[in-house]
Amino acid sequence: MARVLVGVKRVIDYAVKIRVKPDKTGVVTDGVKHSMNPFDEIAVEEAVRMKEKKIASEIIAVSCGPQQAQETLRTALAMGVDRGIHVEVSGKDYETLQPIHVSKILAKLAQDEKADLVIVGKQAIDDDSNQTAQMTAAVLDWPQGTFASKIEKGDGNLTIVREIDGGLETVKVKLPAVVSADLRLNEPRYATLPNIMKAKKKPIKKVTPKDLGVDTAARIEVVSVEDPPVRQAGSVLADVDELIGKLKEGGHV
Amino acid sequence: MSQKSQVIQLYKTLLHLGREYPQGYDYFRTRLKRVFMKNRETTDPKKIETMIMHGQYVVKELEALYMLKKYRTLKRRYYGDQS
């Protein structure tokens, strides 16, 4: 029976249209709907299924962020996680919080909580870093199975099918290990209303990076955040001759 | 659970799900309320039972709809060029 640690991140909801702040320092987050990173939902679902199959004994969810990160933890608890740990990072510190800091926090908690498996989403849909799983494995010096689309438990090991360019790779890793979830790993369940109510009774422990001995000093400086280029409007041409004319003009023929 | 509380529970669950409805919460809520009000005079327990079953089916359909919408959006964003 294994203890599983899952990392969940609170991000701007996938369906929200992202707006860049006029001063280009970041994106508008005030008054914008947030929810759990979809890849983390897949990670949580996988952990909950392991518990249902009696492979896992306890599931602990961790989220780093401001006070509202607890809402994300509640969602995880409603999906079937046993307890939550909220690592409070807010204000300026949160703006420059990077995967390196999060991996150190996850690694420390994995050791403190005696976890046998760490599952995280392969990347967050806000910064698209795709680094946390890899770096957590490095900090812990544990094997890693990234981009998992199938996980099977063996005796003291996991067989993981990984999504790689144009195909699949199957690897076997010894436990303890770090796994990152890809889109096709499973279909996350919906947190139902009664379960959300029940989740309110589950415990959430609050800690700070300082308690864990992790320095969250900024390692980067955000220079500029910009909108992607807008696609230029096309035009309708009357006939083939005009098309050829335009193509010659553009130097394509 | 009595039928009355089952109906109330169903209504609450649907309201909760409606908050994420693609066409907006208001669109969903007004229609939901209309459907429930339309059947308010029903007294036959068998008929009510069928309606509750139908409501639970709608709950499952909505959950599936949201899941698929999210899955497809992510697939388009991150796995765009593949089939």
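If you're wondering where the values come from, they're calculated on a predicted model, not measured in any experiment. (Residues numbered from 1 in each chain as written. Chains lettered and ligands numbered in written order. Predicted model: local features only at pLDDT ≥ 70, side-chain atom pairs only at ≥ 80, totals over all residues. Heavy atoms only, no water.)

Moving on, we get to the interface of chain B and chain A. The accessible area lost on association of the parts is a frequent measure of interface size. Tallying the contact residues gives 18 residues for chain B and 22 residues for chain A. Taken together, both faces of the contact between chain B and chain A bury some 1,800 Å²; the carbon and sulfur share is 60%. Two residues, Lys70 of chain B and Glu41 of chain A, come together in a salt bridge whose shortest N-O distance is 2.9 Å. Elements with a minimum of two residues in the side of chain B that touches chain A: α1 (3–18) and α3 (45–78) of chain B. (Contact = heavy atoms within 4.5 Å. Buried area = accessible area lost by both parts, 1.4 Å probe. Salt bridge = Lys/Arg side-chain N within 4 Å of Asp/Glu carboxyl O. Helix = DSSP H or I, 4+ residues; strand = E, 2+ residues; numbered from the N terminus.)

All names here are of chain B. Here Thr30 lies in helix α2 (residues 25–38). The partly exposed category is assigned to Thr30, whose relative accessible area is 41%. For Thr30, the side chain forms a polar contact with the main-chain oxygen of Tyr27, separated by 3.1 Å. (Buried < 20%, exposed > 50% of the residue type's maximum accessible area, 1.4 Å probe, protein only. Polar contact = N/O pair within 3.5 Å; in protein donor to acceptor, adjacent residues only side chain to side chain.)

All names here are of chain A. Here eight bridges tie strand β8 (residues 157–164) to strand β9 (residues 167–174), and the two strands are oriented antiparallel to one another. Paired with Ile160 across the two strands is Val171, which belongs to β9. Counting the residues in the hairpin turn of β8 and β9 gives two residues, including Gly166, whose phi is positive at 65°. (Pairing = 2+ DSSP bridges.)

For the rest of this paragraph, the subject is the sheet that holds strand β11 (residues 204–207) of chain A. Residue and element names in this part refer to chain A. Taking strand neighbours across the sheet as the criterion, the nine strands line up as β9-β8-β7-β10-β6-β1-β4-β5-β11 in an open arrangement whose pairing is mixed. Every other strand in the sheet has two partners, leaving β9 and β11 as the edge strands with one partner each. Adjacent strand axes in the sheet meet at a mean angle of 35° when their direction is disregarded. Where helix α1 (residues 38–52) meets the sheet, it contacts β1 (2–7), β4 (56–65), β6 (117–121), β7 (144–153) and β10 (177–181), and its direction lies at approximately 145° from that of β6. (Axes fitted to C-alpha atoms, helices over the stretch in contact; angles between N-to-C directions.)

Further remarks concern the packing of aromatic side chains. In the structure shown here, the tally under the stated rule is five aromatic pairs over all chains. For the pair Tyr11 of chain B and Phe36 of chain B, a centre-to-centre distance of 4.8 Å together with 65° between the ring planes defines the contact as edge-to-face. Taken together, the positions of Tyr11 of chain B in helix α1 and Phe36 of chain B in helix α2 put the pair 25 residues apart, joining distant regions of the chain. For Tyr11 of chain B, a relative accessible area of 23% puts it in the partly exposed group. Seen from the ring of Tyr79 of chain B, Arg184 of chain A lies directly overhead, with NZ or CZ sitting 5.1 Å from the centre. The ring of Tyr27 of chain B is capped by Arg31 of chain B, whose NZ or CZ atom sits 3.8 Å from the centre of that ring. (Phe/Tyr/Trp six-rings, centres within 6.5 Å; stacked < 30°, edge-to-face > 60°. Lys NZ or Arg CZ within 6 Å of the ring centre and 35° of its normal.)

So, about the UniProt feature "domain: Electron transfer flavoprotein alpha/beta-subunit N-terminal" (unreviewed entry) in chain A. UniProt feature "domain: Electron transfer flavoprotein alpha/beta-subunit N-terminal" (unreviewed entry): in the numbering of this structure it lies at residues 24–216 of chain A. Helix makes up 31% of residues 24–216 of chain A and strand 31%, with an end-to-end C-alpha separation of 23 Å. (UniProt positions renumbered as here; feature names shortened; annotations may be inferred.)

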